[in-house]
Amino acid sequence: MALHVRGVLLPDDEVVDLWLVGDRVTRTPVVGADTISDRGFVLPGLVDAHCHIGIAQGSRPIGGLDEARALAAVDRDAGVLAIRDAGSPYSYGELDDDPDVPRLARAGQHVAPVRRYLRDIGVEVVAADVAGAVATQAKAGNGWVKLVGDWIDREVGDLSPAWDVGTLAAAVQAAHDAGVRMTAHCFAEESVAALVAAGIDCVEHGTGLTADGIVEMASRGTALVPTMINIETFEAIAAAADDRFPTYAAHMRRLRAAFPSIVGAAVDAGVPVYVGSDAGGGIDHGMAAAEMLMLHDKAGMSADAVLAAGSWGAREWLGFPGLVEGGLADLVVYDADPRRHLDVLHNPKRIVLRGRVVL
Ligand SMILES: [Zn+2]
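Residues numbered from 1 in each chain as written. Predicted model: local features only at pLDDT ≥ 70, side-chain atom pairs only at ≥ 80, totals over all residues. Heavy atoms only, no water.

Draft legend 1. Looking closely at the overall build of the protein chain. Across its full length, the protein chain carries eleven helices and 21 strands. What you see for the protein chain is a C-alpha radius of gyration of 20 Å, in line with the 21 Å of a compact globule of 359 residues. Each principal axis of the C-alpha atoms in the protein chain carries an extent, and together these give about 70 × 40 × 35 Å. Considering only contacts within the protein chain whose residues lie at least 6 apart along the sequence, 66% involve residues at least 24 apart. A total of about 14000 Å² of accessible surface is found on the protein chain, and carbon and sulfur atoms cover 51% of it. Side-chain charges of the protein chain comprise 30 positive and 49 negative groups, with the mean position of each set lying 3 Å from the other. (Helix = DSSP H or I, 4+ residues; strand = E, 2+ residues; numbered from the N terminus. Rg over C-alpha atoms; globule rule 2.2 N^0.38 Å. Contact = heavy atoms within 4.5 Å. Areas by Shrake-Rupley, 256 points an atom, 1.4 Å probe, with all protein chains shown as cover. Lys, Arg positive; Asp, Glu negative; His and termini not counted. Charge placed at Lys NZ, Arg CZ, Asp CG, Glu CD.)

Structure below.
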């Protein structure tokens, strides 16, 4: 049966009537539709643009599709109706059209340097094989490839780039030749500068961004997914490394301390910033709203900008049409205006995914 929702649609800020027919939205009245909400503020759902439903607690690969479904359900029930999976060691393409799973924009498996990333998570290759691995992982995903741009080098005792500049250029080219976008994990300064210069489409974390790098991202339209929740964990990472890798520990603390203002500068410069919790492994699912509040409180993003970054703007970036005529039948209703009370995002009143009532 068709569903009917009336409420203040954001960002348009007008009271509208929406009908959901199957997995589509229309403003043309449908006789006999079931009215499931007649007040409140309506968004096309939240977006977690850095999320791992293929990585279980303890940073190990999930054991099967049901585990991915269960992790995705935690996000969905918190109002997240689209996920960009930033790397999965377990291939779960079968879930792309699963009625219970949020829309999925997926990278394949992380392309990582040999023995310099989380164990059993990445496909580990030498530099000469990166472009080939990118082409393979482009097929495993559905629009994205994820590269590990830097990690601790235990011999150096600090973060160091995973790849040389020529390898990065070949990797980006291989992704674009395969028709997908590339993103990369970057904590340090050198790696992010090289990746932006190589024409990467998005930067994950980006703690090493400089003022020049921000200007270049803005001019190229390179996106940033800051994962503020993840960066908060740098203190614990540093504390665990103090004895064996003091230089690395100090570096991580410096990156963390400087980070909120880097994100604020990126927003001010016009870099497209999106919401990503980095759930999976060490971070719980269902944290997109918490990430949005951090972007507001710590990085100084306006509530309107945060909502775009974690909802309609991110959906557009990922290619999931929102609540327009013929758009996808995903919506979340809140009983207060999230532009005035961002914390209402923690309490969705209605959730509809793929035309089916979740809450
Ligand atoms: Zn991640």
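Draft legend 2. Just the coordination of the zinc ion, in detail. Within the protein, the atoms that donate to the zinc ion are His50 (NE2), His52 (NE2) and Asp278 (OD), at distances of 2.0 to 2.1 Å. Donor residues for the zinc ion sit on one chain with the sequence pattern H-x1-H-x225-D. Of this pair, histidine 52 sits in the loop between strand S6 (46–51) and strand S7 (55–56) while aspartate 278 sits in the loop between helix H8 (246–269) and helix H9 (288–297), placing them 226 residues apart in sequence. Judged by its relative accessible area of 9%, aspartate 278 falls in the buried class. (Donors = N, O, S within 2.8 Å, 3.2 Å for Na, K, Ca; no water. Buried < 20%, exposed > 50% of the residue type's maximum accessible area, 1.4 Å probe, protein only.)

Draft legend 3. Structural context of the sheet that holds S6. Taken in spatial order, the three strands line up as S6-S9-S10 in an open sheet, and their pairing is parallel. A strand with exactly one partner marks an edge of an open sheet, and here the two such strands are S6 and strand S10 (103–106). Strand after strand, the sheet turns through a mean of 15° between neighbouring axes, direction not considered. In this sheet, strand S9 (residues 80–85) lies alongside S6 in parallel orientation, the contact comprising four bridges. Bridge pairing links valine 47 to alanine 82 in S9. Against the sheet, helix H1 (residues 65–77) touches S6 and S9, its axis set at about 130° to S9. (Pairing = 2+ DSSP bridges. Axes fitted to C-alpha atoms, helices over the stretch in contact; angles between N-to-C directions.)

Draft legend 4. Helix H2 (residues 130–140), seen in detail. Buried within H2 we find Val130, Ala133, Val134, Gln137 and Ala138. Buried residues along H2 cover an arc of 145° about the axis, so they all sit on one side. Those residues of H2 that are buried are in contact with strand S11 (111–113), strand S12 (123–125), strand S13 (144–148), helix H3 (165–177) and strand S16 (181–186). (Arc of directions from axis to C-beta.)

Draft legend 5. Structural context of the packing of helix H7 (residues 234–241) against H8. Relative orientation of the contacting elements H7 and H8 amounts to 165°, with a least axis distance of 8 Å. In this view, H7 runs roughly antiparallel relative to H8, as classed from their interaxial angle. Of the two possible hands of crossing, H7 and H8 adopt the one that is left-handed. From H7, Phe234, Glu235, Ile237, Ala238, Ala239 and Ala241 reach across to H8, where they touch Pro246, Tyr248, Ala249, Met252, Arg253, Leu255 and Arg256. Looking at the contact of H7 with H8 residue by residue, the class counts come to ten nonpolar, no polar and three charged. (Parallel < 35°, antiparallel > 145°, perpendicular 65-115°, else oblique. Left-handed = near helix turned anticlockwise from the far one by under 90°. Nonpolar A, V, L, I, M, F, W, Y, C, P; charged D, E, K, R; others polar.)

Nothing here speaks to function; it is all geometry.
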